[in-house]
Amino acid sequence: MTEIWETASPRETWQLGYELGKRASAGQVYCLDGDLGVGKTVFAQGFAAGLDIAEPVNSPTFTILQQYMDGRLPLYHFDVYRIGDVEEMEEIGYEDCFYGEGVCLIEWSRQVAEILPETAVRVFIEKDVEKGFDYRRITVETE
Ligand code: ADP
Ligand code: MG
C-alpha cells in the first residue's frame, strides 16, 4: 500500500511521524530517505514521541546508531549518511536491531540497501519548491 501525505510545516511532519510511531509494532523497520534537510529527523522526533520516548532525539549522524529504551518499544535510530561500507553495520550489530523486539528507523537507508529487510516500511520525503519552502510530500509504502 502506498499513502501520500503533504505537510506545510515541520510540526505537520512531526505529527505524521507521531501517528506512525503510535501504530508501530515490535520488529518493524522504517526506512527514511530524502535529501539533506528535508525533514527525516523531524519525522523521527515525532515517531519517537509516538512511542512515548521522552528523551530528546537528535540526528545521530556522527554515531550511526542511537538507542532509546525508555518508550513503549525500544527505538533504534540509525543515520547511515556517512557510512563507508555495510561492514560498519555488522560491527555495530545491526541484525539484533533489525530482527529484534524493537523498532528501527534508518535515515539514508539507501546507503545500506543490500541489508534492508523486504518487509521494511519505506518513507520518502521530498520538497517541491513550487509549492513553497516548507512544503513536503511524504510517501509511505508498506507491503
Ligand atoms: P534531515 O534529517 O532530512 O536532514 P532535518 O529534519 O534535520 O532534515 O531538518 C529539516 C529542516 O526543514 C528543519 O530545519 C525544519 O524546520 C525544516 N522544515 C521546513 N518545513 C518542513 C516540513 N514541512 N517538514 C519537515 N521539516 C521542515
Ligand atoms: Mg537527519
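Small disclaimer: the values here were computed from a predicted structure and weren't measured.

## Brief notes about the side chain of Thr7
Reasoning step 1: Relative to the assigned elements, Thr7 resides in strand β1 (residues 2-7).
Reasoning step 2: Since its relative accessible area comes to 4%, Thr7 is described here as buried.
Reasoning step 3: The residues contacting Thr7, other than those within four sequence positions of it, are Glu12, Thr13, Asp134, Tyr135, Arg136 and Ile138.

## Comments concerning the side chain of Thr13
Reasoning step 1: Mapped onto the secondary structure, Thr13 falls in helix α1 (residues 10-23).
Reasoning step 2: If near-sequence neighbours (up to four positions away) are discounted, Thr13 is found in contact with Thr7, Gly39, Val42, Phe43, Arg136 and Ile138.

## Here we look at the sheet that holds strand β7 (residues 136-141)
Reasoning step 1: With mixed pairing, the 7 strands of this open sheet are ordered in space as β1-β7-β6-β2-β5-β4-β3. Each edge of the open sheet is held by one strand with a lone partner, namely β1 and β3 (65-68). Between one strand axis and the next, the sheet turns by 15 degrees as a mean value, whatever way the strands run.
Reasoning step 2: Where strand β4 (residues 75-79) meets strand β5 (residues 103-107), 5 bridges bridge the pair, whose relative direction is parallel. For Leu75, the partnering residue across the bridge sits in β5 and is Val103.
Reasoning step 3: Sitting on the sheet, helix α2 (residues 40-50) touches β2 (29-33), β4, β5 and β6 (121-127), and the angle it makes with β5 is about 165 degrees.

## A word on the nonpolar core
Nonpolar side chains in soluble globular proteins tend to end up buried together.
Reasoning step 1: Membership of the largest hydrophobic core comes to 23 residues, with the highest contact counts inside it found for Tyr30, Phe43, Phe47, Leu51, Leu75, Leu105 and Val123.
Reasoning step 2: It is α2 that contributes the most residues to this core, 4 residues altogether.
Reasoning step 3: Not counting residues up to four positions away in its chain, the partners in contact with Tyr30 are Leu20, Ala24, Phe47, Val103, Cys104, Leu105, Ile106, Val121 and Val123.
Reasoning step 4: Core analysis: the next-biggest nonpolar cluster, separate from the first, contains 20 residues, Ile64, Phe78, Val80 and Cys97 among them.

## Digging into the site of ligand 1
Reasoning step 1: Around ligand 1, 15 residues are found, and the nearest of them are Thr13, Gly37, Lys40, Thr41 and Asp134.
Reasoning step 2: Considering ligand 1 on its own, with 570 Å² of exposed area, one finds that the protein chains cover 75% of that surface.
Reasoning step 3: Listed by contribution, the elements that provide at least two residues to the shell around ligand 1 are α1 and α2.
Reasoning step 4: Sort the elements by how many residues they give to the shell around ligand 1 and α2 lands first, with 3 residues.
Reasoning step 5: Each residue belonging to the shell around ligand 1 can be placed in one class, and the counts come to 4 nonpolar, 6 polar and 5 charged.

Cut-offs and rules
- Numbering of residues begins from 1 in every chain and follows the order in which that chain's sequence is written.
- Both sets of labels track the order of writing: A upward for chains, 1 upward for ligands.
- For this predicted model, a pLDDT threshold of at least 70 governs which residues receive local features, and a threshold of 80 or more governs which side-chain atom pairs are given and counted, while totals over whole chains, interfaces and linings are taken from all residues.
- Only hydrogens and water are set aside when side-chain values are computed; all heavy atoms of the structure are taken into account.
- Think of it this way: any DSSP run of H or I at least four residues long counts as a helix, any run of E at least two long counts as a strand, and we number them from the N terminus.
- Buried means the residue's accessible area, taken with a 1.4 Å probe over protein chains only, is under 20% of the maximum for its type, while exposed means over 50%, and partly exposed covers the values in between.
- Two residues qualify as a contact provided that any one of their heavy atoms is within 4.5 Å of a heavy atom in the partner residue.
- By the convention used here, strands pair only if DSSP detects at least 2 bridges between them.
- Helix axes are fitted only over the stretch in contact, all axes being lines through C-alpha atoms; the angle between N-to-C directions runs from 0 to 180 degrees.
- Here, the term nonpolar core denotes a set of buried Ala, Val, Leu, Ile, Met, Phe, Trp, Tyr and Cys residues that are joined through side-chain atoms within 4.5 Å.
- Note on definitions. A residue lies near a molecule or strand when any single heavy atom of the residue is within 4 Å of it.
- The protein chains shown are the only cover counted for residues, whose accessible areas, like all others here, come from Shrake-Rupley with a 1.4 Å probe.
- Charged means Asp, Glu, Lys or Arg here, nonpolar means Ala, Val, Leu, Ile, Met, Phe, Trp, Tyr, Cys or Pro, and polar covers whatever is left, Gly included.

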